[in-house]
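Fold and contact review
Residues per chain, in single letters:
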Amino acid sequence: MPAPVPPLPSPPLAAAEDAPSEQPVSGAGHRLRITLLMAGSCLPILGAVLIAPVLPRMRDHFAGTPGVEALVPMALTIPALSLALLAPFAGIAVDRLGRKRLLVIATVLYAVVGTAPLWLDSLGAIVASRALVGVVEAAIMTCCTTLIGDYYSGRQRDRYLAMQTMCASISATAFFVLGGAAGSAGWRTPFWAYAVSLLLAPAMAAFLPRPRPTGHSTAPSPVAPADPAATPSPVAPPEPAGRPFPWRPLAGTCALTVFGAVLFYTVQVEMAFLLDDMGVTDPGTIGLAIAASSLATVIGAVVFTRLGRTPDAWLPAVFALCALGFAVIWLAPGPVVLTVGAMINCFGGGIMLPSLLTLALSKLDYADRGRGTGLWTGSFFIGQFVCPLVVLALTSAVGSLAGALGVLALAGSVAAVGLGLAGRRRVALTAS
């Protein structure tokens, strides 16, 4: 069970009294800014699913290459591994080089390395280029999330972090369809889609203002003007001597994020296999079931924006909801009930992911936000990468895929109880 998240220290009374009231950012410049950040946040999803439909054709093209059975699937999964391992280092670069500068550079490089398979004839070289895609994805994802934390505060920040989850779910479905349609013209064709980042990079350079340095993330951020040109370019204040990075409180959130990512991705990865075990082989029916679970994720993210309490207050219920979904899938007598269980699980996941990210950002000052966001992003993608391995190990241990999800239901329940007890202990300590 993940370690309970330690409570944040209470701010000094004087700081609380002096903090300005939260003011939402609005205007035409704000709408363009958030559109660019959401588009940038979708680029790692593009890398994760776009080429999935053409993997069989790629395998046939390189049929004579030694190790093709391992290398072709690796072309799909290695960007996520690179992202998971390098996101913490990308976070350090974000804090040292600047969010906007690194984002623009990484977005240009994304087009260069993403389209490389159009020109490469070696399968090994293609896999290497895909690893580089993961490197620039780590920078893009960390920069976009950090900038959301810089530009916005309070409930407005929470809404846009939830919007990231919504955009990821919707874009994953759209990119999968796009990859399948483009793949009909040849296995290389979908790689042209990576060039879209060349349209985003100039817009990001022109319309994303440099963020204003602020104190702790719980304090409201200043209202940014609608015109980016009117935004000054302040230099981040020097880090106070001896101020430690919040390793201990962030470590608990990151550990919980790895576990939460496993719970979130299990249904998405295994849904088709679960239905196949029940005799459902029609691609249209399987696609409809997966679309329903994706819709539940979007609904969960929308619900997150309506919740009025702090994330650690509702995390026990969210983990319990994910566990309930797994239990329904485990005991499902047919595909309809199984789909209902998947929707319950994904609804909980749609609330859980932005909750964990909001919890992580609440522990970070401006000077640490890039590094902390990188650690959280790396934790999330590590969970995504190990998810199939965890499920495979559990399936081998208990003898069936459905049984493996039963074990995850138990693990999620234990986590929910542990988080609930930790929350009660924090409340008791605060009251005393």
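Before any of the text, the structure's been laid out above.
Report on the accompanying structure. (Residues numbered from 1 in each chain as written. Predicted model: local features only at pLDDT ≥ 70, side-chain atom pairs only at ≥ 80, totals over all residues. Heavy atoms only, no water.)

Points about the overall build of the protein
This is how it is decided: Helix numbers and strand numbers start at the N terminus; a helix is a DSSP run of H or I with at least 4 residues, a strand a run of E with at least 2. For every residue, the accessible area (1.4 Å probe, protein chains only) is compared with the maximum for its type, and the residue is labelled buried under 20%, exposed over 50%, or partly exposed between those bounds. Between two residues, a contact is recorded if the distance between any of their heavy atoms is within 4.5 Å. For every accessible area listed, the method is Shrake-Rupley and the probe measures 1.4 Å; residues are considered covered only by the protein chains on display.
Helix and strand counts for the protein come out as 14 helices and zero strands. The order of α-helices and β-strands along the protein, N terminus first, is α-α-α-α-α-α-α-α-α-α-α-α-α-α. Across the 432 residues of the protein, 50% fall into the buried class. Looking at the protein alone, contacts between residues at least 24 apart form 84% of all its contacts between residues at least 6 apart. With an accessible surface of roughly 18,400 Å², the protein has 70% of that area assigned to carbon and sulfur atoms.

Thoughts on the side chain of Thr146
Its place among the elements puts Thr146 in helix H6 (residues 123–151). Relative accessible area serves as the criterion here: at 0%, Thr146 is assigned to the buried category. Here Thr146 is in contact with Val94, Arg99, Arg369, Gly370 and Thr373, once residues within four sequence places are set aside.

Examining the packing of helix H9 (residues 247–277) against helix H13 (residues 369–398)
How two helices pack is summed up by the angle between their axes together with the distance between the axes. Our working definition: Inter-axis angles, ranging from 0 to 180 degrees, are taken between N-to-C directions of lines fitted to C-alpha atoms, where helices are fitted over the stretch in contact. Here the angle decides the label: under 35 degrees means roughly parallel, over 145 means roughly antiparallel, 65 to 115 means roughly perpendicular, and every other value means oblique. Here a crossing is called left-handed whenever its near helix is offset anticlockwise from the far helix by less than a right angle, and right-handed whenever the offset is clockwise. Amino acids are sorted into nonpolar (Ala, Val, Leu, Ile, Met, Phe, Trp, Tyr, Cys and Pro), charged (Asp, Glu, Lys and Arg) and polar (every other residue, Gly among them).
Packing of H9 against H13 brings their axes to within 7 Å, and their N-to-C directions diverge by 40 degrees. Taken together, the axes of H9 and H13 are oblique relative to one another. Crossing of H9 against H13: the hand is right-handed. Per-class residue counts for the contact of H9 with H13 are 17 nonpolar, seven polar and two charged.

With respect to the pattern of salt bridges
Stated precisely, the cut-off is as follows: We count a salt bridge whenever a side-chain nitrogen from Lys or Arg sits within 4 Å of a carboxyl oxygen from Asp or Glu.
Taken as a whole and judged by the stated rule, the model has six salt bridges. Among the ionic pairs, Arg99 bridges to Asp95, the shortest N-O distance being 3.0 Å. The class for Arg99 is buried, based on a relative accessible area of 4%. Asp95 sits in the partly exposed class, given a relative accessible area of 22%.

Details of the packing of helix H5 (residues 99–114) against H6
Relative orientation of the contacting elements H5 and H6 amounts to 150 degrees, with a least axis distance of 9 Å. Classified by the angle between their axes, H5 and H6 sit roughly antiparallel to one another. In this structure, H5 meets H6 at a crossing whose hand is left-handed. Here Arg99, Leu102, Leu103, Ala106, Thr107, Leu109, Tyr110, Val113 and Gly114 of H5 come into contact with H6, specifically with Ser129, Leu132, Val133, Val136, Glu137, Ala139, Ile140, Cys143, Cys144, Thr146, Leu147 and Asp150. Among the residues forming the contact of H5 with H6, the class breakdown is 14 nonpolar, four polar and three charged.

Some thoughts on the state of the cysteines
Defined as follows: In plain terms, two cysteine sulfur atoms within 2.5 Å form what is called a disulfide here.
This structure, assessed with the given rule, holds zero disulfides. Summary of cysteine pairing: Cys144 is not part of a disulfide, and the nearest cysteine sulfur, belonging to Cys143, is at 7.0 Å. A residue is classified by how much of its surface remains accessible, and Cys144, at 0% relative accessible area, is buried.

Brief notes about helix H4 (residues 68–97)
For clarity, the threshold we go by: One axis is fitted to the seven residues ending at the residue and one to the seven starting there. The bend at that residue is the angle between these axes.
Along H4, the helix axis deviates most sharply at Ala75, where the bend reaches about 50 degrees; the proline Pro79 sits within four residues downstream. In the stretch just after H4, Gly98 is the one whose phi turns positive, near 105 degrees.

Re a nonpolar patch on the surface
As a reminder, the rule being used: Excluding any residue in a salt bridge, patches collect residues exceeding 30% relative accessible area, merging like charges within 9 Å and nonpolar Val, Leu, Ile, Met, Phe, Trp and Tyr side chains within 5 Å.
A cluster of nonpolar side chains, namely Leu85, Leu86, Phe89, Ile92, Leu132 and Val135, defines an oily patch on the protein surface of about 510 Å² accessible area. At the level of elements, H4 and H6 are the ones that each hand at least two residues to the nonpolar patch. Take the nonpolar patch: its biggest share by element is four residues, from H4. Secondary-structure assignment places Phe89 in helix H4.

Quick look at the nonpolar core
Within soluble globular proteins, side chains that are nonpolar tend to cluster in buried spots. Note the cut-off: Residue types Ala, Val, Leu, Ile, Met, Phe, Trp, Tyr and Cys, when buried and joined through side-chain atoms within 4.5 Å, form a set referred to as a nonpolar core.
Among the nonpolar cores identified, the biggest contains 113 residues, and Ile51, Met58, Leu103, Tyr110, Leu208, Phe319 and Met352 are the most heavily contacted of them. By residue number, the principal contributor to this core is H6, which donates 15 residues. Excluding anything up to four places from it in sequence, Leu103 contacts Ile140, Cys143, Cys144, Leu147, Met204 and Leu208.

Some words on the side chain of Ser129
Here Ser129 lies in helix H6. Overall, the relative accessible area of 6% leaves Ser129 in the buried class. Not counting residues up to four positions away in its chain, the partners in contact with Ser129 are Val113, Ala116, Pro117 and Leu120.

Let's talk about the packing of aromatic side chains
We apply this condition: By convention, a stacked pair of Phe, Tyr or Trp rings (six-membered ring in the case of Trp) has centres within 6.5 Å and planes under 30 degrees apart, an edge-to-face pair has planes over 60 apart, and any other such pair is tilted.
Summed over all chains, the structure comprises 13 aromatic pairs. Seen in terms of ring centroids, Phe62 and Trp187 are 5.5 Å apart; in terms of plane orientation they differ by 65 degrees. Their pairing is edge-to-face. Residue Phe62 is found in the loop between helix H3 (55–61) and H4, and its partner Trp187 is found in the loop between helix H7 (154–183) and helix H8 (197–207); the two are separated by 125 residues along the sequence. With respect to class, Phe62 is no different from Trp187; both count as buried. Between Phe304 and Trp314 the ring centres are 5.7 Å apart and the planes differ by 80 degrees, which places this aromatic pair in the edge-to-face class.

Section: the environment of Ala205
Relative to the helices and strands, Ala205 resides in helix H8. Under the relative-accessibility criterion, Ala205 is labelled partly exposed at 37%. With 105 residues separating them along the chain, Ala205 and Lys100 place their C-alpha atoms 7.3 Å apart. Residues in contact with Ala205, not counting those within four places in the same chain, are Lys100 and Val104.

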